[in-house]
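# Analysis of the macromolecular model
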Amino acid sequence: MTDTPTSTTSTPTAGGCSTKRSLVALTERLREAGLRPTRQRLALSARLFANGDRHATAEMLHEEVVRAGERVSLATVYNTLHQFKRAGLLRELTVEGAKTYFDTNTSDHSHYFDETTGAVMDIPVQDLQIERMPTPPEGYEISHIDVVVRLRKA
């Protein structure tokens, strides 16, 4: 989701969302996902969805929101990210054991992970092909496949 220029005056709003139209769009997005658009959810939504797809950890997002002047605990950020995930707004990607990223691109795709910087980047869908899928056990179906290609400087 990107900010759409409007003829309305730009005003600072929840979490750095810069236009009234953006705030309305984020509010509607939360409502459509079955979530009440609270002040904290709007602040986190503005950071996550206002400028295109991104990968963020709870800690990164917490730091950004606090720096923007929003009072929110790290536990609230975690809870909200998991609510967004259950509502289909985010995809969860775990790398390096305990490090979890939340991806605003919920389509089926894979990732690069830079072991030096911790950066996560999308792999273009056409660049990775899986020739043969395993047959899941009886009574199960494959919901998605997570492929993480780890990178380091040569």
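Everything numeric here is computed off the predicted structure, so don't read it as measured data.

All right, on to the overall build of the protein then. Helix and strand counts for the protein stand at four helices and six strands. Reading the protein from its N end, one meets helices and strands in the order α-α-β-α-α-β-β-β-β-β. The buried share among the 154 residues of the protein stands at 33%. Contacts in the protein between residues at least 24 apart in sequence constitute 43% of all its contacts with a sequence separation of at least 6. For the protein, the exposed surface amounts to about 9,700 Å²; the carbon and sulfur share of it is 49%.

The next point concerns the sheet that holds strand E2 (residues 91–95). Backbone-to-backbone hydrogen bonds join strands into a sheet, with any given pair of strands oriented parallel or antiparallel. The three strands are arranged E1-E3-E2 in an open sheet whose pairing can be described as antiparallel. Both outer strands of the open sheet, strand E1 (55–56) and E2, are each paired with one neighbouring strand and no more. The pairing of E1 with strand E3 (residues 99–103) spans two bridges and is classified as antiparallel. Following the sheet pairing, His-55 is matched in E3 by Asp-103.

Attention shifts here to the side chain of Asp-114. Within the fold, Asp-114 resides in strand E4 (residues 110–114). For the buried residue Asp-114, which engages in no salt bridge, the nearest side chain bearing the opposite charge is Lys-153, 5.5 Å off. Here Thr-117 takes part through its backbone nitrogen, which lies 3.1 Å from a polar atom of the side chain of Asp-114.

Here we take up the nonpolar core. Counting residues in each nonpolar core, the largest one holds 20 residues, and the members touching the most others are Leu-48, Phe-49, Val-77, Leu-81, Phe-84 and Leu-90. Mapped by element, the contributors of at least two residues to this core are helix H1 (20–32), helix H2 (39–49), helix H3 (58–67) and helix H4 (74–86). Counting residues per element, this core draws most heavily on H2, at six residues. Ranked by size, the runner-up nonpolar core spans five residues in total, among them Leu-93, Tyr-101, Phe-113 and Val-120.

Relative to the assigned elements, Ile-130 resides in the loop between strand E5 (120–123) and strand E6 (148–151). A sequence separation of 15 residues divides Ile-130 from Ile-145, and the C-alpha atoms of the two residues are 9.9 Å apart. Beyond its immediate chain neighbours, meaning those up to four positions away, Ile-130 contacts Ile-145 and Val-147.

The subject of this paragraph is the confidence of the model for the protein. Residues shown with low pLDDT carry predicted positions that ought not to be read at fine detail. Looking at the protein as a whole, its pLDDT mean stands at 85, while 88% of the residues score no less than 70. Mean pLDDT across the elements of the protein ranges from a minimum in H1, with 90, to a maximum in H4, with 97. Long-range and interchain partners of residues 1–17, a stretch whose pLDDT sits below 50, account for 40 contacts in this model, where long-range means more than four residues apart.

It is worth spelling out the pattern of salt bridges at this point. Considering all chains together, one arrives at six salt bridges under this definition. Linking Arg-67 and Glu-63 is a salt bridge whose minimum nitrogen-to-oxygen distance equals 2.9 Å. Taken together, the positions of Arg-67 and Glu-63, both in helix H3 and four residues apart, correspond to about one turn of that helix. Among the residues examined, Arg-67 registers a relative accessible area of 60% and is labelled exposed. Relative accessible area serves as the criterion here: at 49%, Glu-63 is assigned to the partly exposed category. The closest approach of N and O atoms between Lys-85 and Glu-92, which form a salt bridge, is 2.6 Å. Of the residues examined, Glu-92 reaches a relative accessible area of 23% and is grouped as partly exposed.

Thresholds, definitions, all that
- Residues numbered from 1 in each chain as written.
- Predicted model: local features only at pLDDT ≥ 70, side-chain atom pairs only at ≥ 80, totals over all residues.
- Heavy atoms only, no water.
- Helix = DSSP H or I, 4+ residues; strand = E, 2+ residues; numbered from the N terminus.
- Buried < 20%, exposed > 50% of the residue type's maximum accessible area, 1.4 Å probe, protein only.
- Contact = heavy atoms within 4.5 Å.
- Areas by Shrake-Rupley, 256 points an atom, 1.4 Å probe, with all protein chains shown as cover.
- Pairing = 2+ DSSP bridges.
- Lys, Arg positive; Asp, Glu negative; His and termini not counted.
- Salt bridge = Lys/Arg side-chain N within 4 Å of Asp/Glu carboxyl O.
- Polar contact = N/O pair within 3.5 Å; in protein donor to acceptor, adjacent residues only side chain to side chain.
- Core = buried A, V, L, I, M, F, W, Y, C linked by side-chain atoms within 4.5 Å.
- pLDDT = per-residue confidence, 0-100.

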